[in-house]
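Now for the letters of each chain:
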Amino acid sequence: MQAFFEPRRWAPFLEPAIWQFIWTGLQITLSMAAIAIIGSLALGLFLALCRMSRLPFLRYPAVVFVETVRALPVLLLIFFIFFGAARAGLGLSPFGAGTLALTLYTGAINAEIMRAGITSIGRGQWEAARSLGLDYRQTLSYIVFPQAARRVVPPQVSQIITLIKDTSLAAVIGVGELTRRGQLIYQSEVNPLQSLFVCACIYFLINYSLSLVSRRWEVDAALGVPPSGRRVQPVGPLPGGPSAA
Amino acid sequence: MLQATPTALAGGGAPPPFGTAVLANLPFLLSGMLATVQLALLALVLALALGVVFAILRSVPVRPLRFVGTAYVEFVRNTPLLVQTFFAYFGLPTVGVRLPAFTAAFLALGVYTGAFVTEAIRSGILAVDRGQSEAARSLGMSFGQGMRYVVLPQAIAATVPPLGNLSIALFKNTSLASSIAVAELLYNAQIINSRTFATYEIYGFVGLCYLVFTLPMGALVGLLERRLTRYR
């Protein structure tokens, strides 16, 4: 314990240059995450719709893709895409390969989250919309999506947290993101415990804040507060039984 | 000690037929698979043990203990497993704890998964409404009978599927041990890949090796989920 607090091992973190170095790494981590979040949400929605389609040539490929990719380790996907692209002669950078692998993996998981969200909207909603004269697309976009979107937010946020943690795996193929830079720092300063702890704290701050936002959303949703609406005092127990929050 | 067998490309001749690299290295890959399974099983035991202990800590009415439980869960769940693995393998030696790579990977995986197990168990306990045990008591059941026939079946039914999913995630996460040179499946695949350049073949085969475990586990969890809903 005493060795952990040894001042000379913490000294590097008093230099602005080290924080500049970390900040650049954090920017790379966050850009990977941002690209993969947008890509995987789009891919997830597409796959979820394909999987619920009545057309077999859309449904079966989506089922095979989702079930296979979900069941593989992310690191394997990263290696497969990085080394596979190199083998095929495509000049895919470590950043590109890592982001693509994370997008595909998270996309497969998002597909299942969104499918669960959409199927959780009761049949009655569909029937009511159709009997009011809305067609399939109108029902989906005006009745089902708005309700499903709100239910999907909490699991989707925890998937984003997982994604941010998974960006660290890109360090293994040499992307200079946060974890890789933490390693570079301790390799020259010989303070692995301290450097890795600082890195862990940065991930923690980002992810814990996200989880707090998600928890507040869940409470609001259970109370029936519209998004960005005024919070009201709960009267009696929350409707809908105990939530996971 | 098993070694990877280089199969070609060094001489610059025609590449060997598809499948050669895997066949020539089958024992090496299988030894990696064995290490993966061992690592997963050992880490699962540690994770379950930690999960039970910290789930209890998180529910006792003693504030400092509860804080310890919450701190563990929140910090560990919100930081990457890779950082924790490096912490155990490269960091601990600087405070005099020198662990072999396999042990460091086991420790990191167990501690990481333990935080998720803690939450799974805790939400299983919270999922059973207080009214259930009160109703059991008012029907004349003893405390033990109420637990045995009313509360525990529901709590376990609510906990088992999440634990199954955590086991699948744990199995996949063993692949991170390759980053500290534990000779498990993915690490051995990397070594063969660097010697044979049979990238698609090697990683394709290793992918199948993971699927052989994760797909049946997923099917089992789905089955349990459907069968256990009658207890809820």
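The sections below set out a description of the structure shown in this document. These numbers come from a predicted model, not from an experiment. (Residues numbered from 1 in each chain as written. Chains lettered and ligands numbered in written order. Predicted model: local features only at pLDDT ≥ 70, side-chain atom pairs only at ≥ 80, totals over all residues. Heavy atoms only, no water.)

This part is about helix H7 (residues 136-166) of chain A. Residue and element names in this part refer to chain A. If you check H7, its first and last C-alpha atoms are just 37 Å apart, much less than what 31 residues at 1.5 Å a residue would give, namely 45 Å. The sharpest bend along H7 reaches about 45 degrees and sits at Val144, with the proline Pro146 one to four residues further on. Among the residues of H7, the N-terminal cap falls to Asp135, whose side-chain oxygen and the backbone nitrogen of Arg137 are separated by 3.2 Å. (Helix = DSSP H or I, 4+ residues; strand = E, 2+ residues; numbered from the N terminus. Expected span 1.5 Å × (residues − 1). Bend = angle between axes of the 7 residues up to and from the residue. Polar contact = N/O pair within 3.5 Å; in protein donor to acceptor, adjacent residues only side chain to side chain.)

All right, on to the interface of chain B and chain A then. On the side of chain A, 39 residues touch chain B, which itself brings 39 residues to the contact. Between chain B and chain A the total buried area reaches about 3400 Å² when both faces are included, carbon and sulfur atoms providing 74% of it. Close ionic contact of Arg215(A) with Glu74(B) constitutes a salt bridge, the shortest N to O distance being 3.1 Å. Linking chain B with chain A are ten residue pairs in polar contact (both at pLDDT 80 or more), by the criterion used here. Elements that contribute at least two residues to the side of chain B that touches chain A include exactly helix H3 (63-77), helix H4 (81-91), helix H5 (101-127), helix H8 (185-196) and helix H9 (199-228) of chain B. Tallied by class, the residues present in the side of chain B that touches chain A amount to 23 nonpolar, 13 polar and three charged. (Contact = heavy atoms within 4.5 Å. Buried area = accessible area lost by both parts, 1.4 Å probe. Salt bridge = Lys/Arg side-chain N within 4 Å of Asp/Glu carboxyl O. Nonpolar A, V, L, I, M, F, W, Y, C, P; charged D, E, K, R; others polar.)

Let us look at the pattern of salt bridges. Following the criterion strictly, the structure yields twelve salt bridges over all chains and no others. Glu6(A) is paired through a salt bridge with Arg8(A); the nearest N and O atoms lie 3.0 Å apart. Note that Arg130(B) is salt-bridged to Glu134(B), the shortest N-O span being 3.4 Å. Taken together, the residues Arg130(B) and Glu134(B), both in helix H6 (residues 130-138) and four residues apart, mark about one turn of the helix. Classification of Arg130(B) by relative accessible area gives exposed; the value is 64%. Here the salt bridges do not stand alone but share partners, grouping Arg51(A), Glu67(A), Arg70(A), Glu112(A) and Arg115(A) into one network. (Buried < 20%, exposed > 50% of the residue type's maximum accessible area, 1.4 Å probe, protein only.)

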